[in-house]
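So you can see what is in the structure, the chains are spelled out below.
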Amino acid sequence: MDFYRLLTRLAGQLLLGLAVFVWAVIALLDDSREMLRAGFGAGAITALVALTALNKGWPGASIAGAGALIGPIGLLAQANGAAPWAWLFWLICAMGTERWLRDASGGHGQQEMNGH
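Keep in mind that what you see is a predicted model, and the values were worked out from it rather than measured.

*Asks:* What exactly am I supposed to notice about the overall build of the protein here?
*Replies:* Counting its secondary structure elements, the protein contains 5 helices and 0 strands. Starting at the N terminus and walking to the C terminus, you meet the elements of the protein as α-α-α-α-α. Along the longest, intermediate and shortest principal axes, the C-alpha atoms of the protein span 50 × 30 × 20 Å. Every one of the 116 residues in the protein was classed for burial, and the buried ones make up 33%. Summed over all atoms, the accessible surface of the protein reaches about 6900 Å², with 72% contributed by carbon and sulfur. Charge centroids of the protein, computed over 7 positive and 7 negative side chains, lie 5 Å from each other.

*Asks:* What's the story with the pattern of salt bridges in this structure? I'm lost.
*Replies:* Opposite charge on two side chains makes pairing possible when the charged atoms of those side chains draw close. Tallied over the full model, the rule gives 5 salt bridges. Two residues, Glu98 and Arg102, come together in a salt bridge whose shortest N-O distance is 2.9 Å. With a gap of 4 residues between them, Glu98 and Arg102 both fall in helix α4 (residues 86–105), about one helical turn apart. We classify Arg102 as partly exposed; its relative accessible area is 23%.

*Asks:* Any chance you could explain the nonpolar core here in plain terms?
*Replies:* The nonpolar side chains of a soluble globular protein tend to be buried with one another. In this structure, Leu16, Ala47 and Leu69 are the most contacted members of the largest nonpolar core, which totals 23 residues. Elements that contribute at least two residues to this core include exactly α1 (3–29), α2 (37–56), α3 (61–79) and α4. The greatest single-element share of this core, amounting to 7 residues, is contributed by α2. Residue contacts for Ala47: discarding those within four places in its chain leaves Leu16, Ala19, Val20 and Ala68.

*Asks:* Explanation requested: the packing of α1 against α2 in the structure shown.
*Replies:* Helices that pack against each other are described as a pair by the angle of their axes relative to one another and the distance between those axes. Axis separation between α1 and α2 bottoms out at 8 Å; the angle between their running directions is 155°. Taken together, the axes of α1 and α2 are roughly antiparallel relative to one another. Two packed elements cross with a definite hand, and for α1 against α2 that hand is left-handed. The residue inventory of the contact of α1 with α2, partitioned by class, reads 16 nonpolar, 6 polar and 2 charged.

*Asks:* How do you make sense of the side chain of Asp103 when you look at a structure like this?
*Replies:* Here Asp103 shows up in helix α4. Asp103 sits in the buried class, given a relative accessible area of 16%. Of the polar contacts made by the side chain of Asp103, one reaches the side chain of Tyr4; its length is 3.1 Å.

*Asks:* Would you take a moment to explain the side chain of Thr97 for this structure?
*Replies:* Counting through the fold element by element, Thr97 comes out in helix α4. With a relative accessible area of 14%, Thr97 lands in the buried category. A polar side-chain atom of Thr97 sits 2.8 Å from the main-chain carbonyl oxygen of Cys93. Setting aside its immediate chain neighbours within four residues, Thr97 contacts Ala66, Leu69 and Ile70.

Thresholds applied
Residues numbered from 1 in each chain as written. Predicted model: local features only at pLDDT ≥ 70, side-chain atom pairs only at ≥ 80, totals over all residues. Heavy atoms only, no water. Helix = DSSP H or I, 4+ residues; strand = E, 2+ residues; numbered from the N terminus. Buried < 20%, exposed > 50% of the residue type's maximum accessible area, 1.4 Å probe, protein only. Areas by Shrake-Rupley, 256 points an atom, 1.4 Å probe, with all protein chains shown as cover. Lys, Arg positive; Asp, Glu negative; His and termini not counted. Charge placed at Lys NZ, Arg CZ, Asp CG, Glu CD. Salt bridge = Lys/Arg side-chain N within 4 Å of Asp/Glu carboxyl O. Core = buried A, V, L, I, M, F, W, Y, C linked by side-chain atoms within 4.5 Å. Contact = heavy atoms within 4.5 Å. Axes fitted to C-alpha atoms, helices over the stretch in contact; angles between N-to-C directions. Parallel < 35°, antiparallel > 145°, perpendicular 65-115°, else oblique. Left-handed = near helix turned anticlockwise from the far one by under 90°. Nonpolar A, V, L, I, M, F, W, Y, C, P; charged D, E, K, R; others polar. Polar contact = N/O pair within 3.5 Å; in protein donor to acceptor, adjacent residues only side chain to side chain.

Next up, the structure:
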């Protein structure tokens, strides 16, 4: 494993671990946003699944991780009055995050399949 992949994996694990904690706390304890609690709960569960998948090198870890990191932020922005076209921005952010997490996970297991 080269140094870049090591750094991206550590950063991905740190961000997903932080997302699990923050999204779960918001889902469980934030009474002021009743409508968003389910979205943040789903984000916490998805982040936990993505963290496990990233550690095991499973395919789809990057897609789940991008959704878990960006989705709840988009929901919160929408609830705070962001324009509906801002979802295009969140989609672009999710695509960049997915690419970065794919690099962290080793490219969906392509290295193991190629024998490297």
